[in-house]
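Residues per chain are reported as follows:
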Amino acid sequence: MVENYSLGFDMGMGALKLWSKPGGLQLVSQVANNGHGHLSEIMGLKSRRRPILVSGDFGSFYVGAGAHEHGRPVENLDFDRLTGAPEMRVLLYAALAQYQAEHGPFDQALSLMVGLPLQMMTGELAKDFQRGVKGWLLGSHVFEIDGLTHTIQVESVRQTAQAVGALFDYVLDDEGRMIGERGSALLDEVGVISVGFNTVELLVVKERGAAERFTRGNTLGVRRLLDLMNHENLYSLGELDTKLRSGSMKAELKTSLPIWSREVNGEIERVWGQVHRRFAKVLIVGGGALLLQDALTTQFGHKAWVPGDAVLSIARGLWKLSVMKR
């Protein structure tokens, strides 16, 4: 029996992340409608490289860094987006095509271990959200990337909370085996802080189960920092994100980062209080973790663990979990 090609799939609002044995990939989650009104080369002006163009029966969209400069931005940050909205489809399709270009073609159907925001894994709508995600991911996907047709088959979809990926990135190696003494974290009490684009998620795991009282998600992610920096509403969130990543907004960041940092620390204090002092470890992941690393490592001291690549940690952990399950 031929095994499926396993992929860890982190459905990030700021960047979509994939990980499998050859390595990882992140694609900035910028999507814009293709208006079909391309500018010809203009003498005296620099020609800009166009983003990835993804087309199919769902429409035609530019995807990735710079997409918002070439079409009308599509910025939908509600959770319904992850249940198969066109902008989510084109992000995944562009990422899958780019992953194959970098790491070689998929030689089997795909098996996805998907990381979802905590809000989609809890509450009255959790089962509806999860059915929606599984419904659009399973099956055959046909699409075009810059005019070339691609066909992808997804045969298996499993789902868990994004923060769980961070936990298994910490305790498992690439063979799905426990890493020395780190495996004891599953039997101890460990906190996870995932600072994404849309949300900040707090997860506490005790004896391999989630401690519901100390597990919470909220919309205090990097988008909140961008809102503070965009007080005149001059840019789309995607444009601001690009500027932040390029380091071209240092003055605005210097002013806004301390405010956002205090808001995030305040939320952690509200949910965890002083309980974190009994945790064996506090795992800190996500793109926003890089911005808040100094504040959070100071807050949690020697118990803080920030992986070498905090952005891809969740996708990598999801893949390791799939290897362990297999």
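As shown above, the structure is provided for reference.
Reference entry: report on the structure contained in this document.

Conventions and cut-offs
Residues numbered from 1 in each chain as written. Predicted model: local features only at pLDDT ≥ 70, side-chain atom pairs only at ≥ 80, totals over all residues. Heavy atoms only, no water. Helix = DSSP H or I, 4+ residues; strand = E, 2+ residues; numbered from the N terminus. Rg over C-alpha atoms; globule rule 2.2 N^0.38 Å. Buried < 20%, exposed > 50% of the residue type's maximum accessible area, 1.4 Å probe, protein only. Contact = heavy atoms within 4.5 Å. Areas by Shrake-Rupley, 256 points an atom, 1.4 Å probe, with all protein chains shown as cover. Lys, Arg positive; Asp, Glu negative; His and termini not counted. Charge placed at Lys NZ, Arg CZ, Asp CG, Glu CD. Salt bridge = Lys/Arg side-chain N within 4 Å of Asp/Glu carboxyl O. Expected span 1.5 Å × (residues − 1). Bend = angle between axes of the 7 residues up to and from the residue. Core = buried A, V, L, I, M, F, W, Y, C linked by side-chain atoms within 4.5 Å.

Turning our eyes to something else, we now look at the overall build of the protein chain. If you tally the helices and strands in the protein chain, you get 8 helices and 16 strands. Radius of gyration (C-alpha) of the protein chain: 20 Å, near the 20 Å computed for a compact globule of 326 residues. Reported as C-alpha extents along the three principal axes, the dimensions of the protein chain are approximately 65 × 55 × 35 Å. Taken over 326 residues, the protein chain has a buried fraction of 53%. Residue pairs in contact within the protein chain that sit at least 24 positions apart in sequence constitute 67% of those at least 6 positions apart. When the accessible surface of the protein chain is summed, it comes to about 15,400 Å², and 49% of that surface belongs to carbon and sulfur atoms. In the protein chain, which carries 35 positive and 36 negative side-chain charges, the distance between the mean positions of the two groups comes to 4 Å.

The phi dihedral of D146 is positive, around 50°, even though this residue is not glycine. Among the structural elements, D146 can be located in the loop between β9 (139–145) and β10 (148–161). The backbone phi angle of E207 is positive, close to 50°, even though this residue is not glycine. Position of E207 among the secondary structure elements: in the loop between β12 (200–206) and β13 (209–210). For E207, a relative accessible area of 58% corresponds to the exposed category.

In this section: the side chain of K303. Along the chain, the position of K303 falls in the loop between α7 (287–300) and β16 (304–305). D188 is the oppositely charged side chain nearest to the buried, salt-bridge-free K303, at an N-O distance of 8.8 Å. Residue contacts for K303: discarding those within four places in its chain leaves H276, R277, R278, F279, A280, K281 and V282.

Right, let's get into α7. Taking 1.5 Å per residue as the helical rise, α7 with its 14 residues ought to reach 20 Å, and the 19 Å between its terminal C-alpha atoms agrees with that figure. At Q293, α7 is deflected by roughly 70°, the largest bend along its length. Every buried residue of α7 is accounted for by G288, A289, L292, L296 and F300. Residues of α7 that are buried make contact with β11 (189–195), α4 (222–229), α6 (250–272), β15 (281–285) and β16.

Okay, the nonpolar core next. Grouped burial of nonpolar side chains is what soluble globular proteins tend to show. Core analysis: the biggest nonpolar cluster contains 75 residues, and F9, M11, L137 and W272 have the highest contact counts within it. Among the elements that take part in this core, helix α1 (residues 86–103) stands out by supplying 10 residues, more than any other. Once residues within four sequence positions are removed from consideration, F9 is found in contact with L16, K17, L18, M88, L92, L112, M113, V114, G115, L137 and L318. One finds V171, L186, V192 and L321 within the second-largest nonpolar core, a separate group that totals 23 residues.

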